[in-house]
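Chain residues, written in single-letter form:
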Amino acid sequence: MSCEQYLCCLSVINMAHITINQYLQQVLEAIDARDGVFCGELLSFKHPHVANPRLQLSSPEDKCQQVLEPPYDEMVAAHLRALPVMFAVTLDLRIFANNAEQQLQKKGKGKVGDMLEKAAEQLMSCFRVCASDNRAGIDDSKKWGMLFLINQLFKIYFKINKLHLCKPLIRAIDSSNLKDDYSMAQRVTYKYYVGRKAMFDSNFKLAEEYLSFSFQHSHRSCQRNKRLILIYLLPVKMLLGHMPTNQLLRKYDLMQFADVTKAVSEGNLLLLNEALAKHETFFIRCGIFLILEKLKIITYRNLFKKVYLLLKTHQLPLDAFLVALKMMQVEEVDIDEVQCILANLIYMGHIKGYISHQHQKLVVSKQNPFPPLSSVS
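The structure presented is a predicted model; accordingly, all values stated were derived computationally and were not measured.

Chemist: Explain the packing of aromatic side chains here, please?
Modeler: By convention here, two paired aromatic rings are described through the distance between centres and the angle between planes. Under the defined criterion, the tally for this structure stands at eleven aromatic pairs. When the ring of F154 is compared with that of Y193, the centres are 6.1 Å apart and the planes differ by 50 degrees; the resulting orientation is tilted. Of this pair, F154 sits in helix α8 (residues 146-159) while Y193 is found in helix α10 (residues 184-200), placing the two residues 39 residues apart along the sequence. The class of F154 is buried, set by a relative accessible area of 1%. On the basis of relative accessibility, which here comes to 11%, the residue Y193 falls in the buried class.

Chemist: What exactly am I supposed to notice about the sheet that holds strand β1 (residues 315-317) here?
Modeler: Backbone hydrogen bonds are what pair the strands of a sheet, in a parallel or an antiparallel way. Taken in spatial order, the three strands of this open sheet run β1-β3-β2, and their pairing is antiparallel. The open sheet has two edge strands with one neighbour each: β1 and β2 (353-356). Each strand of the sheet is rotated relative to its neighbour by a mean of 25 degrees, with strand direction disregarded. With three bridges joining them, β1 and strand β3 (residues 361-364) adopt antiparallel strand pairing. Note that in β3 the partner of Q315 across the bridge is V363.

Chemist: Looking at this structure, how should I read the nonpolar core?
Modeler: One recurring pattern in soluble globular proteins: nonpolar side chains tend to sit buried together. Judged by nonpolar contacts, the single largest core of 94 residues is most densely connected at F304 and L325. When near neighbours in sequence (up to four residues on either side) are disregarded, L325 contacts L269, Y300, L303, F304, V330, V333, V338 and I341. The next biggest cluster of nonpolar side chains, apart from the first, holds 16 residues, and it includes A30, L42, L55 and C64.

Chemist: Help me understand the packing of α10 against helix α11 (residues 204-217), please; the structure alone is not making it clear to me.
Modeler: Helix-helix packing is described using two parameters, namely the angle between the two axes and the distance between the axes. At a closest axis distance of 8 Å, the pairing of α10 and α11 adopts a crossing angle of 150 degrees. The angle between the axes of α10 and α11 places the two elements in the roughly antiparallel class. For the pair α10 and α11, the sense of crossing is left-handed. Only F204, L206, A207, Y210, L211, F213, S214 and H217 of α11 make contact with α10, whose side of the interface consists of M184, R187, V188, K191, Y192, V194, G195, R196, A198 and M199. For the contact of α10 with α11, the residue count by class is twelve nonpolar, three polar and three charged.

Chemist: Would you mind showing me how to read the packing of helix α6 (residues 93-106) against helix α7 (residues 114-131) here?
Modeler: Relative orientation of the contacting elements α6 and α7 amounts to 165 degrees, with a least axis distance of 8 Å. Classified by the angle their axes make, α6 and α7 are roughly antiparallel. By crossing handedness, the relation of α6 to α7 is classed as right-handed. Of the residues in α7, those touching α6 at L93, R94, A97, N98, A100, E101 and L104 are D114, M115, L116, A119, Q122 and L123.

Procedures and definitions
Residues numbered from 1 in each chain as written. Predicted model: local features only at pLDDT ≥ 70, side-chain atom pairs only at ≥ 80, totals over all residues. Heavy atoms only, no water. Phe/Tyr/Trp six-rings, centres within 6.5 Å; stacked < 30°, edge-to-face > 60°. Helix = DSSP H or I, 4+ residues; strand = E, 2+ residues; numbered from the N terminus. Buried < 20%, exposed > 50% of the residue type's maximum accessible area, 1.4 Å probe, protein only. Pairing = 2+ DSSP bridges. Axes fitted to C-alpha atoms, helices over the stretch in contact; angles between N-to-C directions. Core = buried A, V, L, I, M, F, W, Y, C linked by side-chain atoms within 4.5 Å. Contact = heavy atoms within 4.5 Å. Parallel < 35°, antiparallel > 145°, perpendicular 65-115°, else oblique. Left-handed = near helix turned anticlockwise from the far one by under 90°. Nonpolar A, V, L, I, M, F, W, Y, C, P; charged D, E, K, R; others polar.

Next up, the structure:
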């Protein structure tokens, strides 16, 4: 590449964030130099300047008339008026790819996820340009476009079930000094997806932090978005020992969780199994069925705590837990399985104590034998 070509490329890259006056000056210089090729690029919707919000003016005529002579002023003004439309089209790439994907699947054509992956490749190219912009000042940096692109990529990766591709994007934002300065709407979307990923990674405290942020900072009028966040926040909260109220569930039309909440709180394994079976389709569609299955260990903990409170002793016979499980209609349970469940609860920190195999008893601590879930999860 010659020095001249290199400088031209740099100019094209910087066009994505120049001011309206700088853009018009570029057009003027191209006209004066009779450089039709470069002038054509400056008026092309394929050029990087179409993503520049500074050029999206509702009435660009005055600015154009100050710099350009007729008929160029009208030509450029017409072009600039169309920029917001073009900008919206580029941002809707993911949506178009998703629609194309659905149409292909209906016709039985193409590989599943192929169109979305191709869209992700294009978005990733844009992301790399933004992330590598280390020359521009903070106000003009392309890095301001990173979070929007990351959110679009998250939506695709979750759709095609390739969550491992989210990791480098999360690292990019974690290391960015702009992470707290992006718009609230973008931050809410970002934390929603990172919170969901943390939930699937069993990092429930991080998931609670991020999903709670998204829920609390979503606009009060966005009931649909708040409900969507709650679908993932509720299981996380429950795993950490915080049960939702029926009032909250009714408000957001999530009564599917009502019996699950009741069952876990009461240590009622029978009711939990019934509730999961009753709403299995909904939970699977939301992708949380396996997460809710993890509530069984919490339900065991609450059931066994009831046994402890009834017997009022720190040396609990294993047979007592066996009777409790059989009352909950746990099939084919024996003393070995009881010991296995208790061993898991002790290992996870839900019970402070040990199993005395010689005496067939669970010996629990005299101080706080069943620690709060939030302190051990």
